[in-house]
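Structure assessment
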Amino acid sequence: MIARYCRPEMAEVWSDAHRLALWLDVELAVTATREERGDVPAGTCERIRANTRLDLGRMLAIEAEVHHDVIAFLSMVAETAGDDARHLHVGLTSSDVGDTALACQIQQAGRVLARETARLRRAAWVLAQRHRRTPMVGRSHGVHAEPITFGLKCLVWSEELGRGLDRLEHALAGCAVGKFSGAMGTLAHLDAQLETQALARLQLDPEPVANQVVQRDRHAALTCAIAVLGGTMDKIAVEVRHLMRTEVREAEEPFGERQKGSSAMPHKRNPVRCERVSGLARLLRAYAQATLENQPLWHERDISHSSVERVAIPDA
């Protein structure tokens, strides 16, 4: 899904290669902080960074044997980083690496999404200004009511997109947290100051109170914000679809010079882009539901959320 519909930079954020690079960044953020404290020999992080060769294929081969992705990752790194690799992952648990890297990905992807949402809002505002005096029929229940302007309709879209952008940015800020508090989140092996300093290297804040994982209400709020934003786009798409009907023909989506509408009836101009938006908005609502189900984990953690997030969050 990702490669089919999203912009290239979004696909890159969620690629396996980028995920492994972030896992190494996360590990080195802690190791570098420990190196500054004198707990790790000077030059360790520089050597690890220079010598490590990230190899997804090798990692997957190890994972097929050990059935644990982070162990497979660390084993793969150790094969090229050498003896220095023993300084990685000290005091950490797998969720420290995975959840913190996920936070980085969310922030990177969020910047792309917020930028594109702002562009969409601006486009709606420009339409509103251009058509502020373009009269059209206003409808309630689908039936002719009082006259309005097309600009008013577009301005409603622009304002709603602005609220969606506000919700998105608030949710992204809520996801800009990581954890280096170890198993059960007790900070038994790394102290809170080290956690804060190491996360600052990644431009993240620490989860104020963590158990084994970053709390999943944060991710649920994000996907809900994305689903609401998708609902606004669906609303716009449905309106254009209605206005594009043969009996109405008051607006239509772009149609290319060589574009065909149907294999049987190529003369048709179908609202295929808007229908695609409406269809994908349904997926966003489904992903929001799935991540809401991730909030109630067993005790301090289980991994029932993990398989869901690997699909739902990147795809949304």
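As a starting point, this report considers the structure included with it.

Quick notes on the rules
Residues numbered from 1 in each chain as written. Predicted model: local features only at pLDDT ≥ 70, side-chain atom pairs only at ≥ 80, totals over all residues. Heavy atoms only, no water. Helix = DSSP H or I, 4+ residues; strand = E, 2+ residues; numbered from the N terminus. Buried < 20%, exposed > 50% of the residue type's maximum accessible area, 1.4 Å probe, protein only. Contact = heavy atoms within 4.5 Å. Areas by Shrake-Rupley, 256 points an atom, 1.4 Å probe, with all protein chains shown as cover. Lys, Arg positive; Asp, Glu negative; His and termini not counted. Charge placed at Lys NZ, Arg CZ, Asp CG, Glu CD. 1 Å grid on protein atoms, 1.4 Å probe; cavity = no way out; pocket = protein on both sides within 12 Å on 5 of 7 lines; lining within 4 Å. Points joined across faces, edges and corners; volume = space filled by probe spheres on them. Nonpolar A, V, L, I, M, F, W, Y, C, P; charged D, E, K, R; others polar. Salt bridge = Lys/Arg side-chain N within 4 Å of Asp/Glu carboxyl O. Pairing = 2+ DSSP bridges. Axes fitted to C-alpha atoms, helices over the stretch in contact; angles between N-to-C directions. Parallel < 35°, antiparallel > 145°, perpendicular 65-115°, else oblique. Left-handed = near helix turned anticlockwise from the far one by under 90°. Phe/Tyr/Trp six-rings, centres within 6.5 Å; stacked < 30°, edge-to-face > 60°. Lys NZ or Arg CZ within 6 Å of the ring centre and 35° of its normal.

Let's shift gears to the overall build of the chain. Along its length, the chain carries twelve helices and four strands. Dimensions of the chain along its principal axes, counting C-alpha atoms only, are 75 × 40 × 35 Å. Sorting the 316 residues of the chain into buried and exposed places 45% on the buried side. Long-range contacts, defined here as pairs at least 24 residues apart, represent 70% of the contacts in the chain between residues at least 6 apart. In the structure as shown, the chain presents an accessible area of about 17000 Å², 54% of it carried by carbon and sulfur atoms. Averaged over its 40 positive side-chain charges, the chain has a centre that lies 10 Å from the centre of its 42 negative ones.

There is about 680 Å³ of room inside the second largest pocket. Taken together, 25 residues form the lining of the second largest pocket, with Trp23, Asp69, Gly98, Ser306 and Arg310 sitting closest to its centre. Elements that contribute at least two residues to the lining of the second largest pocket include exactly helix 3 (16–37), helix 6 (69–81), helix 7 (94–130) and helix 12 (304–315). For the lining of the second largest pocket, the element with the most residues is helix 7, which contributes seven residues.

Within this structure, the stated rule accounts for one cavity of 30 Å³ or more. Lining the largest cavity, in full, are Asp99, Leu102, Ala103, Ile106, Cys175, Val177, Val214, Arg218 and His219. Considering each element in turn, the lining of the largest cavity owes the most residues, four residues, to helix 7. Within the lining of the largest cavity, the residues separate by chemical class into six nonpolar, one polar and two charged.

Considering all chains together, one arrives at 22 salt bridges under this definition. In this structure, arginine 115 and glutamate 116 form a salt bridge, with 3.6 Å as the shortest nitrogen-oxygen distance. With a relative accessible area of 40%, arginine 115 lands in the partly exposed category. Across the salt bridge formed by arginine 285 and aspartate 234, the nearest N and O atoms sit 3.3 Å from each other. Of this pair, arginine 285 sits in helix 11 (residues 272–292) while aspartate 234 is found in helix 10 (residues 217–243), placing the two residues 51 residues apart along the sequence. On the basis of relative accessibility, which here comes to 13%, the residue aspartate 234 falls in the buried class. Among the charged side chains, a network of salt bridges with common partners joins Glu9, Arg115, Glu116 and Arg119.

Mapped onto the elements of the fold, isoleucine 313 is located in helix 12. C-alpha of isoleucine 313 to C-alpha of histidine 219: the two residues are 94 residues apart in sequence and 8.1 Å apart in space. Isoleucine 313 has contacts with Trp14, Leu102, Ile106, His219, Thr223 and Thr291, leaving out every residue within four places of it along the chain.

This next bit is on the pairing of strand 2 (residues 143–149). By the criterion of burial, strand 2 is predominantly exposed, with just zero of the seven residues buried. Taken together, the five bridges between strand 1 (residues 135–140) and strand 2 define a ladder with antiparallel strand orientation. Bridge pairing in strand 2 places serine 140 opposite valine 143. The turn joining strand 1 and strand 2, which pair antiparallel and follow one another in sequence, is formed by two residues; a positive phi near 60° is taken by histidine 141.

Moving on to the packing of helix 7 against helix 8 (residues 150–174). Helix 8 packs onto helix 7 with a crossing angle of 165° between their chain directions and a minimal axis gap of 8 Å. Considering the angle they form, helix 7 stands roughly antiparallel to helix 8. Two packed elements cross with a definite hand, and for helix 7 against helix 8 that hand is left-handed.

What follows covers the side chain of threonine 100. Along the polypeptide, threonine 100 turns up in helix 7. Not counting the four nearest positions on each side in its chain, threonine 100 is found in contact with Val26, Ser95, Gly178, Lys179, Phe180, Leu199, Leu202 and Leu204.

With their axes 13 Å apart at the nearest point, helix 7 and helix 10 run at an angle of 20° to one another. Viewed along their axes, helix 7 and helix 10 adopt a mutual orientation that is roughly parallel. For the pair helix 7 and helix 10, the sense of crossing is left-handed. Every residue of helix 10 that contacts helix 7 at Leu102, Ile106, Leu113, Thr117 and Leu120 is listed here: His219, Leu222, Ile226, Leu229 and Met233. When the residues that make up the contact of helix 7 with helix 10 are grouped by side-chain class, the tally is eight nonpolar, two polar and no charged.

We now examine the packing of aromatic side chains. All chains considered together, the criterion is met by two aromatic pairs. With a centroid separation of 5.4 Å and 85° between ring planes, the pair formed by tryptophan 23 and phenylalanine 73 is classed as edge-to-face. Residue tryptophan 23 is found in helix 3, and its partner phenylalanine 73 is found in helix 6; the two are separated by 50 residues along the sequence. One exposure class covers both tryptophan 23 and phenylalanine 73, and it is buried. Across from the ring centre of tryptophan 23, 5.0 Å away, lies the NZ or CZ of arginine 19, which sits over that ring.

The values reported here are purely geometric and, on their own, carry no functional implication.
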